[in-house]
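Read off the chains here:
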Amino acid sequence: MSSRPIPAPRHAAASPGRRLFLKAAGTTALAGAVGTLPYTGSTAHALTETSTDVVVIGAGYAGGTAARELAARGLRVTVLEARNRIGGRIWTDTMSGARIELGGGWLSPDHQLVAQEMQRYGLTNVGDVVPTQSLMPASNGFQALSPTDANAQLGGLFEQFYDGSQQYFAHPYDPLYRADLLQQQDQLSFTDRIAQLSMSSLDKQWLAGYFTAYTGNENNARAMTSMAQWWALGGWTMEGWEKQTAFKPAGGMTELLQKMLATPGINLQLSSPVSAVSSTSTGVQVRLTSGQVVKARTVVVATPVNVWKTIQFSPGLPAAHTAATTEGVGVSLATKLWIHLSGDVDAVYAQGTENSALPLMIPQQQLPGGGRLMIGFAGSSLNVTDKAAVQAAVRTYIPGATIVTYRAQQWGADRWSRGGWGLRRPTQLLRQLPALQQPYGRVLFAGADIASGWNGAFIEGAVETGLRAAQQAVALV
Ligand SMILES: Cc1cc2nc3c(=O)[nH]c(=O)nc-3n(C[C@H](O)[C@H](O)[C@H](O)COP(=O)(O)OP(=O)(O)OC[C@H]3O[C@@H](n4cnc5c(N)ncnc54)[C@H](O)[C@@H]3O)c2cc1C
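Owing to the predicted nature of the structure, the values given are computational and were not obtained by experimental measurement.

Rules of the game
Residues numbered from 1 in each chain as written. Predicted model: local features only at pLDDT ≥ 70, side-chain atom pairs only at ≥ 80, totals over all residues. Heavy atoms only, no water. Pairing = 2+ DSSP bridges. Helix = DSSP H or I, 4+ residues; strand = E, 2+ residues; numbered from the N terminus. Axes fitted to C-alpha atoms, helices over the stretch in contact; angles between N-to-C directions. Phe/Tyr/Trp six-rings, centres within 6.5 Å; stacked < 30°, edge-to-face > 60°. Buried < 20%, exposed > 50% of the residue type's maximum accessible area, 1.4 Å probe, protein only. Lys NZ or Arg CZ within 6 Å of the ring centre and 35° of its normal.

Trainee: Looking at this model, I keep getting lost on the sheet that holds strand S1 (residues 49–51). Mind explaining?
Mentor: One open sheet holds the 5 strands; their spatial order is S1-S13-S12-S11-S15, and the pairing between them is mixed. Each edge of the open sheet is held by one strand with a lone partner, namely S1 and strand S15 (312–314). Across this sheet, the average inter-strand angle for adjacent strands is 15°, counted without regard to direction. Pairing of strand S11 (residues 274–279) with strand S12 (residues 284–288), which is carried by 5 bridges, proceeds in the antiparallel orientation. Counted as the bridge partner of alanine 276 is arginine 287 from S12.

Trainee: Sorry, what's going on with the packing of aromatic side chains here?
Mentor: In this description, a pair of aromatic rings is defined by centroid distance and the angle of the planes. The tally for this structure, following the rule as stated, stands at 23 aromatic pairs. With a centroid separation of 5.2 Å and an interplanar angle of 65°, the aromatic rings of phenylalanine 142 and tyrosine 397 are classed as edge-to-face. Residue phenylalanine 142 is found in strand S8 (residues 141–145), and its partner tyrosine 397 is found in the loop between helix H14 (387–395) and strand S20 (403–410); the two are separated by 255 residues along the sequence. With centroids separated by 5.9 Å and ring planes inclined at 40°, the aromatic side chains of tyrosine 162 and tryptophan 241 adopt a geometry described as tilted. Within this pair, whereas tyrosine 162 is found in the loop between helix H4 (147–161) and helix H5 (165–168), its partner tryptophan 241 is found in helix H10 (residues 238–242), the two being separated by 79 residues in sequence. On the basis of relative accessible area, tyrosine 162 is assigned to the buried category, the value being 1%. For tryptophan 241, a relative accessible area of 4% translates into the label buried. An aromatic cluster is built from Phe158, Phe161, Tyr162, Phe190, Tyr210, Phe211, Tyr214, Trp230, Trp231, Trp241, Trp454 and Phe458, whose rings are joined through pairwise contacts. We note arginine 407 situated over the ring of tryptophan 91; from NZ or CZ to the ring centre the distance is 5.8 Å.

Laid out in structure tokens, this is it:
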């Protein structure tokens, strides 16, 4: 395994004038979309059976990267996407006249593959809103600190929590480089690791409250090595950690993916859920829920790990894949809120405790029409469909705050994700990761959940795996 991300192969940039082949599902639309491809089936199936070089299942960043790479090499690529939009766990939308990101929203300058892609298409980043105040747990309620002081204190706690990661993740892009040192460490949940530390109960509350927003209230069921790897990838410093949310793409998180999927040779079909994949030594057949079949030389499964179990694979998935999709990698309670508060509201950053209804709140911009946007991550006790409950949760941090409107995206309840960002469970790294990255005959896998580097919660990891899957596919066509 390489200790660095796989470099992107050279290829021609997308021609900006080309239109995407955005096709709705349905036999007529599909027949139109692939009418120029050689047909290998019988006349009776003329409208429902087509062929191409490579099928990519899923139009998120992993699928988009794989498709772009393969199309740029002159291969015919059909991308089958279940939703009526691209992006998957990236979802750029609007609320109160402002652009919002219901899925991933930030980039780090350490995300080198994404930076390379942004540069390729001439896209730029902007900085995020800088908080003026940090509210952190106190022995009795909350204490207001300057963001600098809060981060310095939190950074000191992280250094204790992640102590040893310089050794067990000595090569952060190659997480199993010191697999020997991970045998014990990878068994630990966040709760287990906090219990090992000698610090005050308030310090432990700070850590548990911070991590619960990432684990979706599952501090006791997610591997501390997942985030320890991110800490290592950021250079083992608080400064590196903070960089994870340093930037936003100026044109929104979906724009780069749109550019990738506009590459000539990609046939993108939206509203096309895949129900079955069967493979032989010579090719694959991909069946849509509509009954349509697309034949290809190979297939890249670029759906979330949590979704693999909903697709019928023949022959059945290997043991590691079956275990991963049964256990799940995507965080079940990954509910992101965008909240429009009325009036003149300070740019307050707030972190709660493990039991908070809203364990994390991050300030966004003051709106020209009045009020401020806030991002929130819900705890398990919050009923996000109840506006009064959401407002009460915000008021634990900002007394008197009034919600104008809000949106809540519950990724765990989304049938095409069945979870949010990926965060491995104890022992999944050692038991599963290497196997999940391997081709299974002509069936290949991609997705941020199975990245070597910035795994789970970063489009950087999705791009890494899309590049890998494309290389694997080239060897099979
Ligand atoms: C709330 C939230 C916040 C996040 N914050 C950040 C952040 O700040 N920065 C960052 O970089 N990343 C962030 N992430 C993580 C990031 O969004 C993901 O890691 C990344 O988008 C995953 O890309 P992917 O291509 O692997 O999977 P996905 O984006 O999930 O794409 C998979 C695609 O497969 C499709 N699909 C599923 N089943 C089928 C089927 N049967 N047939 C056809 N298509 C199917 C899905 O519809 C989807 O489009 C966040 C994620 C969430 C949920």
